[in-house]
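Listed here are the chains, written in short residue letters.
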Amino acid sequence: MRSDRKYHLLLCDDDIALTTLMSEWLCERGWEVDCAADGIEAEDMLSRNHYDIVVLDIEMPRCSGYAFLQRVRPREPLLPIIMLSAHSRQSEIIEAYRLGCDDFVSKPFSMPILECHLRAVTRRLSILQDSEQTRYSFGAQVFDAERQVLGDRRLSARESELLQLFCRNKGQ
């Protein structure tokens, strides 16, 4: 990755071999990657960690990519989500976008092409974060200024405002 910022990616696919390959390839290029085998595990990981982007397959056991979108998108309207699918039927792609995905990649794909999709989404994310960042990470702690939460602790409006001011002026 050319940027000095390391993006944290949640990769969700029930194909363990493909997930391992994608994870290793992306980690070698500077991405920070966590993996989940289905939408339930991905949703649980998302509730405990901050991710800059989610990449997930549509067809998975227990909880499909569609179900994940339906459950997560209302809570995380700005979280970039890229859908993967072995099928490229127009109706399937339209449904993914209708449910709130930001991009769609058909399988099989090459790793450089997937990374191009990731870079395109993170370029937009970077512009948004520079102007309106509301989530900040401090090691294992995540501060969400919009929700006024630091980790699992609720902050007062004043505490949140001050902490966001400090985050925006880091090093000053």
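I will try to describe carefully the structure that is included in this document. Here the structure is a predicted model, which is why all the values come from computation and not from measurement.

Considering the overall build of the protein
Looking only at helices and strands, the protein has six helices and nine strands in total. Taken over the C-alpha trace, the protein has a radius of gyration of 17 Å; the compact-globule value for 172 residues is 16 Å, and the two agree within 12%. Seen along its three principal axes, the alpha-carbon backbone of the protein occupies a region of about 50 × 35 × 25 Å. Taking the contacts inside the protein whose residues are at least 6 apart along the sequence as the reference set, 58% of them involve residues at least 24 apart.

Observations regarding the sheet that holds strand E4 (residues 81-85)
Spatially, E2-E1-E3-E4-E5 is the arrangement adopted by the five strands of the open sheet, whose pairing is parallel. The sheet terminates laterally at strand E2 (32-36) and strand E5 (103-106), the two strands that pair on one side only. In this sheet, adjacent strand axes meet at a mean angle of 20° when their direction is disregarded. Relative to E4, strand E3 (residues 53-57) is paired through four bridges, and the arrangement is parallel. Its bridge partner lying in E4, Leu56 is registered against Met83. Along the sheet face, helix H1 (residues 16-28) touches strand E1 (8-12), E2 and E4 and points at about 170° away from the line of E2.

Some details on the packing of aromatic side chains
For the coordinates displayed, the defined rule picks out two aromatic pairs. Judged by centre distance (6.1 Å) and plane angle (40°), the rings of Tyr7 and Trp31 are tilted. With Tyr7 in the segment before E1 and Trp31 in the loop between H1 and E2, this pair connects stretches of sequence that are 24 residues apart. The class for Tyr7 is buried, based on a relative accessible area of 4%. On the basis of relative accessibility, which here comes to 1%, the residue Trp31 falls in the buried class. Note on Tyr136 and Phe143: the rings are 5.9 Å apart at their centroids and 20° apart in plane angle, and the pair reads as stacked. Summarising the burial analysis for this pair, Tyr136 and Phe143 share the class buried. Over the aromatic face of Trp25 sits the side chain of Arg29, whose NZ or CZ is 3.5 Å from the ring centroid.

Quick word on the pattern of salt bridges
Considering all chains together, one arrives at 13 salt bridges under this definition. The partner of Glu43 in a salt bridge is Arg75, with the nearest N and O atoms 3.2 Å apart. Residue Glu43 is located in helix H2 (residues 39-48), and its partner Arg75 is located in the loop between helix H3 (65-72) and E4; the two are separated by 32 residues in the primary sequence. Residue Glu43 is classed as buried on the basis of its relative accessible area, which comes to 13%. The salt bridge partner of Arg153 is Glu159, with a shortest N-O separation of 3.9 Å. Under the relative-accessibility criterion, Glu159 is labelled partly exposed at 36%. Via salt bridges that share partners, Asp13, Asp57 and Lys107 belong to a single interconnected network.

Section: the pairing of strand E7 (residues 141-144)
Examined bridge by bridge, strand E6 (residues 135-138) and E7 share four bridges and lie antiparallel to one another. Of the residues in E7, the one forming a bridge with Phe138 is Gln141. Across two bridges, E7 lies against strand E8 (residues 149-150) in antiparallel orientation. When the sheet's bridge partners are listed, Asp144 is paired in E8 with Val149. Where E7 folds back on E8, the antiparallel hairpin that results is connected by four residues, among which Gln148 adopts a positive phi of roughly 55°.

How each quantity is defined
- Residues numbered from 1 in each chain as written.
- Predicted model: local features only at pLDDT ≥ 70, side-chain atom pairs only at ≥ 80, totals over all residues.
- Heavy atoms only, no water.
- Helix = DSSP H or I, 4+ residues; strand = E, 2+ residues; numbered from the N terminus.
- Rg over C-alpha atoms; globule rule 2.2 N^0.38 Å.
- Contact = heavy atoms within 4.5 Å.
- Pairing = 2+ DSSP bridges.
- Axes fitted to C-alpha atoms, helices over the stretch in contact; angles between N-to-C directions.
- Phe/Tyr/Trp six-rings, centres within 6.5 Å; stacked < 30°, edge-to-face > 60°.
- Buried < 20%, exposed > 50% of the residue type's maximum accessible area, 1.4 Å probe, protein only.
- Lys NZ or Arg CZ within 6 Å of the ring centre and 35° of its normal.
- Salt bridge = Lys/Arg side-chain N within 4 Å of Asp/Glu carboxyl O.

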